[in-house]
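A closer look at the structure
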Amino acid sequence: MVSVQSVYFSVLCRIQPNADTRKKQLDAWCSLVINYCHHKKISQIDVNELEKSPLFSNAKIGRTLPSEGIRVVLQELAAKGNLEFTDKTKRQCLIMWRTPEEWGRILYRWVSLAATSPHSKLERRAVQVGVGDGVPLGAKAWNNTRVP
């Protein structure tokens, strides 16, 4: 995981010209932005404010990723599906810690496991309230009777 402390390294403060290095650098920046926003519970970003934020600026060493570099990082996040610009001027954007596809896979997996697991919460609740096989859970789920 890349941390905000990584901005201490000058290599991250300018977009690299070499394609391989640039790809690794942008992957590191994307990971950093997503983790930072997730940790700080940030879901909307004002692009104009980013240059001043600790995410792209390190006052201790006087390093800041220039606005062109920030735009490149944001475009990479958009290409990956983690960012969506919310206005035509591309000054406001929505940051998504997980892409819609990732959320779809997570929810599908959760529903599949919950529906097929013999120890799902729904089934444990059904046993607690005395709902047997063949009886719809909704019919007796809120029954106050206890299982002996």
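These numbers come from a predicted model, not from an experiment.

1. A few points about the environment of valine 47
Relative to the helices and strands, valine 47 is located in helix 2 (residues 47-50). Overall, the relative accessible area of 9% leaves valine 47 in the buried class. When near neighbours in sequence (up to four residues on either side) are disregarded, valine 47 contacts Arg71, Leu74, Phe85, Lys90, Arg91, Gln92 and Cys93.

2. Points about the packing of helix 1 (residues 19-40) against helix 3 (residues 67-80)
As a packed pair, helix 1 and helix 3 sit with axes 9 Å apart at the nearest point and diverge in direction by 80°. For the element pair helix 1 / helix 3, the angle class is roughly perpendicular. In this structure, helix 1 contributes Arg22, Leu26, Asp27, Trp29, Cys30, Val33 and Ile34 to the contact, and helix 3 contributes Val72, Val73, Glu76, Leu77 and Lys80. Class assignment of the residues belonging to the contact of helix 1 with helix 3 gives a composition of eight nonpolar, no polar and four charged.

3. Some thoughts on the packing of aromatic side chains
Enumeration over the complete set of coordinates arrives at one aromatic pair. Arranged with centres 4.9 Å apart and planes meeting at 25°, the rings of tryptophan 29 and phenylalanine 56 form a pair that is stacked. One end of the pair, tryptophan 29, is in helix 1; the other, phenylalanine 56, is in the loop between helix 2 and strand 2 (57-58), and 27 residues separate them in sequence. Exposure remark for tryptophan 29: the relative accessible area of 0% places this residue in the buried category. It is arginine 98 that lies over the ring of tryptophan 103; its NZ or CZ is 5.1 Å from the centre.

The rules behind each value
Residues numbered from 1 in each chain as written. Predicted model: local features only at pLDDT ≥ 70, side-chain atom pairs only at ≥ 80, totals over all residues. Heavy atoms only, no water. Helix = DSSP H or I, 4+ residues; strand = E, 2+ residues; numbered from the N terminus. Buried < 20%, exposed > 50% of the residue type's maximum accessible area, 1.4 Å probe, protein only. Contact = heavy atoms within 4.5 Å. Axes fitted to C-alpha atoms, helices over the stretch in contact; angles between N-to-C directions. Parallel < 35°, antiparallel > 145°, perpendicular 65-115°, else oblique. Nonpolar A, V, L, I, M, F, W, Y, C, P; charged D, E, K, R; others polar. Phe/Tyr/Trp six-rings, centres within 6.5 Å; stacked < 30°, edge-to-face > 60°. Lys NZ or Arg CZ within 6 Å of the ring centre and 35° of its normal.

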